[in-house]
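# Structural characterization, general
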Amino acid sequence: MTSRTATVGSLVSSLTELLAKAGVPNPDVDAELLVGHVHDLGRGEVQAAALTGRPVEAADADAALLLAERRAQREPLQHILGRAAFRSLYLAVGPGVFVPRPETEQVVQFAIDALRSVPDPEPIGIDLGTGSGAIALAMATEVPNARIYAAENSVDAFLWTRQNFTETAAPNATLVFEDLAAAFPELNGRAAVVISNPPYVPDAAIPRDPEVRFYDPAAALYGGEDGLDVVRQLSETAARLLRPGGTLILEHGELQGEAIRSILTADGWRAAATFRDLTQRDRTTTATRA
């Protein structure tokens, strides 16, 4: 295939082959998304264009190839596209911010369900260490009667967080640049839900995926010797912020549920429980403030 004779279908096939040889998971999906990015088409539109034999301009084929070569070096697809889908949101992401994961979409459902179950006209939800803002903005847009507060303390991440809050323009969402340990003293004892996807990888562990190992910010990954240093702080901070009966929701690694339940129980939390994600791995632990 040359760029002068390319069709959408042949271009997708060529990029898929390139990405597959590089070991990229789901290379056909990424190839379609990259071609779509160049042509301003959705993935379904790319598939339709491939079936009809739509031709591709040489410059567009070359542009798609350059993007695919970046992806073949295992640069995250979301960095290349500049966006990451999260539930109904399409968030700005890039170097310096943790790319939201599909499994977190299930974690935030616990918070959304908890907020919806509260009889208050304006229940308060807090996202500590919000990163891209994915969790906070999902809560704000899906529970519009709630008042959502989010804190982030990374300068690099905060640039993306602020952009996403500005673009989403949820009137019930408040963002602050603050360390989670000290965040929102004015809300002490008032929150119905506190949620966090903290850094939880043990310091000595090496993430398997190159996209994570080389591109996700270390501050969003590593949580001390056992990975649970931030969880311990969250237990203390959430106890300060939540009212009696309020819900704490934590995302974590698949082998950490038991240890987190022990930490929370020792700190006086009630009904600590761990739930699996769609791949049947432990992913979410919840607890109730006494």
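Up top is the structure these notes are about.
Residues numbered from 1 in each chain as written. Predicted model: local features only at pLDDT ≥ 70, side-chain atom pairs only at ≥ 80, totals over all residues. Heavy atoms only, no water.

## With respect to the sheet that holds strand S9 (residues 282–288)
The strand order across the open sheet built from seven strands is S5-S4-S3-S6-S7-S9-S8, with neighbouring strands paired in mixed fashion. Among the strands making up the open sheet, the edge pair consists of strand S5 (173–177) and strand S8 (270–276). Recorded for the sheet is a direction-independent mean angle of 15° between the axes of neighbouring strands. In this structure, strand S3 (residues 124–128) lies alongside strand S6 (residues 191–196), joined through three bridges in parallel fashion. What sits directly across from Asp127, in S6, is Ile195. (Pairing = 2+ DSSP bridges. Helix = DSSP H or I, 4+ residues; strand = E, 2+ residues; numbered from the N terminus. Axes fitted to C-alpha atoms, helices over the stretch in contact; angles between N-to-C directions.)

## Points about the pairing of S3
Burial runs high along S3: five of the five residues are buried. Judged from the five bridges that link them, S3 and strand S4 (residues 147–152) form a sheet pairing that is parallel. The residue of S4 that forms the bridge with Ile126 is Tyr149. (Buried < 20%, exposed > 50% of the residue type's maximum accessible area, 1.4 Å probe, protein only.)

## Some details on the side chain of Thr285
Mapped onto the secondary structure, Thr285 falls in strand S9. Side-chain polar atoms of Thr285 contact the side chain of Thr274, separated by 2.8 Å. Ignoring any residue separated from it by four or fewer positions in sequence, one finds Thr285 in contact with Leu248, Ile249, Leu250, His252, Gly257, Ile260, Arg261, Leu264, Ala273 and Thr274. (Polar contact = N/O pair within 3.5 Å; in protein donor to acceptor, adjacent residues only side chain to side chain. Contact = heavy atoms within 4.5 Å.)

## A closer look at the packing of helix H1 (residues 8–21) against helix H3 (residues 43–52)
It is the contact of H1 with H3, at a shortest axis distance of 7 Å, that shows an interaxial angle of 115°. Across the interface between the two elements, Val8, Gly9 and Val12 from H1 touch Val46, Ala49 and Ala50 from H3. Across the contact of H1 with H3, the residue classes break down as five nonpolar, one polar and no charged. (Nonpolar A, V, L, I, M, F, W, Y, C, P; charged D, E, K, R; others polar.)

## A word on the pairing of S5
Alignment of S4 against S5, held across five bridges, turns out to be parallel. Pairing of Ala150 across the sheet is with Leu175, part of S5.

## Regarding the environment of Asp127
Examined against the element boundaries, Asp127 turns out to sit in strand S3. Classification of Asp127 as buried rests on a relative accessible area of 1%. Ignoring anything within four residues of it in the chain, the contact list for Asp127 reads Ile135, Ala136, Met139, Tyr149, Ala150, Ala151, Ile195 and Ser196.

## Brief notes about the pattern of salt bridges
Per the counting criterion, the structure on display carries 15 salt bridges. Ionic pairing is found between Asp282 and Arg276, a salt bridge with its closest N-O pair at 3.8 Å. Residue classification places Arg276 among the exposed residues on the basis of a relative accessible area of 51%. A network of salt bridges, in which partner residues are shared, links Asp30, Arg71, Arg74 and Glu211. (Salt bridge = Lys/Arg side-chain N within 4 Å of Asp/Glu carboxyl O.)

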